[in-house]
Amino acid sequence: MKKLSVLFAAILMMASFGMAKAQKVATLDVFGVLNAMPEKKKADTDLKAFADTKEAEIKKKMEAAQTKYDLYMKEAQTKTEAENKARGDEMKKLQDEITAMQQKAQKDLQAKQDTAFNPIEAKLNTAIEKVSKAGGYEFVLDGNSTSLVYKNGADITDAVKKELAIK
């Protein structure tokens, strides 16, 4: 019985080796390719300008609120309780407006990022697919991945950059 199970295991192993197919694997420096794309550089510049503009608007509003707060604190002793309460409510409203501005700016920035980067990502994926098919690669791994333990496949970074006509 023991010989039969060893024989069965040997036959099963030989069959699985026969079915196994060598798979071509390549690596790609995705970050390097993305940063070399002119579209990505332009999108980064545009997004930074947008973020800077929004940040300046928020900063201006915050400075105005701080100035008003300082004035109100300075004058608080000379005002009635009702006036101070109204001023406190006004400051709370200003703080809520600033918070809303910050949230809207973040949401708008995210929307702009999505709009800017989706076509870039699609273009990169198309180039990767084209180069992978031309090279017969079944898998392409990001060469910068920390989870990659062994890397001995072909690096197609240059081919993808060539496909995208970037240097």
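Please read these numbers as outputs of a predicted model, since none were measured by experiment.

Student: Mind laying out helix H4 (residues 81-135), listing which residues take part and the relevant values?
Tutor: Along its 55 residues, H4 runs 79 Å from first to last C-alpha, staying within 8% of the 81 Å computed at 1.5 Å per residue. Along H4, the sharpest change in direction is near 30 degrees and occurs at Phe-117; proline Pro-119 comes one to four residues later. Turning to H4, its buried residues number three or more, namely Arg-87, Met-91, Leu-94, Ile-98, Ala-105, Leu-109, Ile-120, Leu-124, Ala-127, Ile-128, Val-131 and Ser-132. Remark: Gly-136 follows H4 within two positions and exhibits a positive phi of approximately 75 degrees.

Student: Kindly report on the environment of Glu-83, identifying the contributing residues and their values.
Tutor: Residue placement: Glu-83 occurs in helix H4. Separated by 11 residues in sequence, Glu-83 and Tyr-72 have C-alpha atoms that sit 9.9 Å apart. Within the local environment of Glu-83, its side chain forms a polar contact with the backbone nitrogen of Thr-80, the two atoms lying 3.0 Å apart.

Student: I'd like to hear about the confidence of the model for the protein chain, residue by residue, with values.
Tutor: Taken residue by residue, the protein chain gives an average pLDDT of 84. The fraction at 70 or more is 82%. Mean pLDDT per element in the protein chain: helix H1 (residues 2-19) is the minimum at 47, and helix H3 (residues 38-75) is the maximum at 96. Long-range and interchain partners of residues 12-19, a stretch whose pLDDT sits below 50, account for zero contacts in this model, where long-range means more than four residues apart.

Student: Give me the nonpolar core: which residues, what numbers.
Tutor: Where a protein is soluble and globular, its nonpolar side chains tend to be buried together. In terms of nonpolar packing, the biggest core is built from 16 residues, with Val-33, Leu-124, Ile-156, Val-160 and Leu-164 touching the most fellow members. Those elements that provide at least two residues to this core are strand E1 (25-28), helix H2 (30-36) and H4. Sort the elements by how many residues they give to this core and H4 lands first, with five residues. Beyond its immediate chain neighbours, meaning those up to four positions away, Ile-156 contacts Ala-26, Thr-27, Leu-28, Val-131, Ser-132, Tyr-137 and Val-140. With seven residues, the next largest nonpolar core counts Ala-65, Tyr-72, Leu-94 and Ile-98 among its residues.

Student: Any chance you could break down the environment of Lys-123 for me, citing the residues and the numbers?
Tutor: Checked against the element boundaries, Lys-123 lands in helix H4. For the pair Lys-123 and Leu-164, spaced 41 residues apart in sequence, the C-alpha to C-alpha distance is 8.1 Å. Apart from the residues within four sequence positions on either side, Lys-123 is in contact with Met-37, Glu-39 and Leu-164. For Lys-123, the side chain forms a polar contact with the side chain of Glu-39, separated by 2.3 Å.

How each quantity is defined
- Residues numbered from 1 in each chain as written.
- Predicted model: local features only at pLDDT ≥ 70, side-chain atom pairs only at ≥ 80, totals over all residues.
- Heavy atoms only, no water.
- Helix = DSSP H or I, 4+ residues; strand = E, 2+ residues; numbered from the N terminus.
- Expected span 1.5 Å × (residues − 1).
- Bend = angle between axes of the 7 residues up to and from the residue.
- Buried < 20%, exposed > 50% of the residue type's maximum accessible area, 1.4 Å probe, protein only.
- Polar contact = N/O pair within 3.5 Å; in protein donor to acceptor, adjacent residues only side chain to side chain.
- pLDDT = per-residue confidence, 0-100.
- Contact = heavy atoms within 4.5 Å.
- Core = buried A, V, L, I, M, F, W, Y, C linked by side-chain atoms within 4.5 Å.

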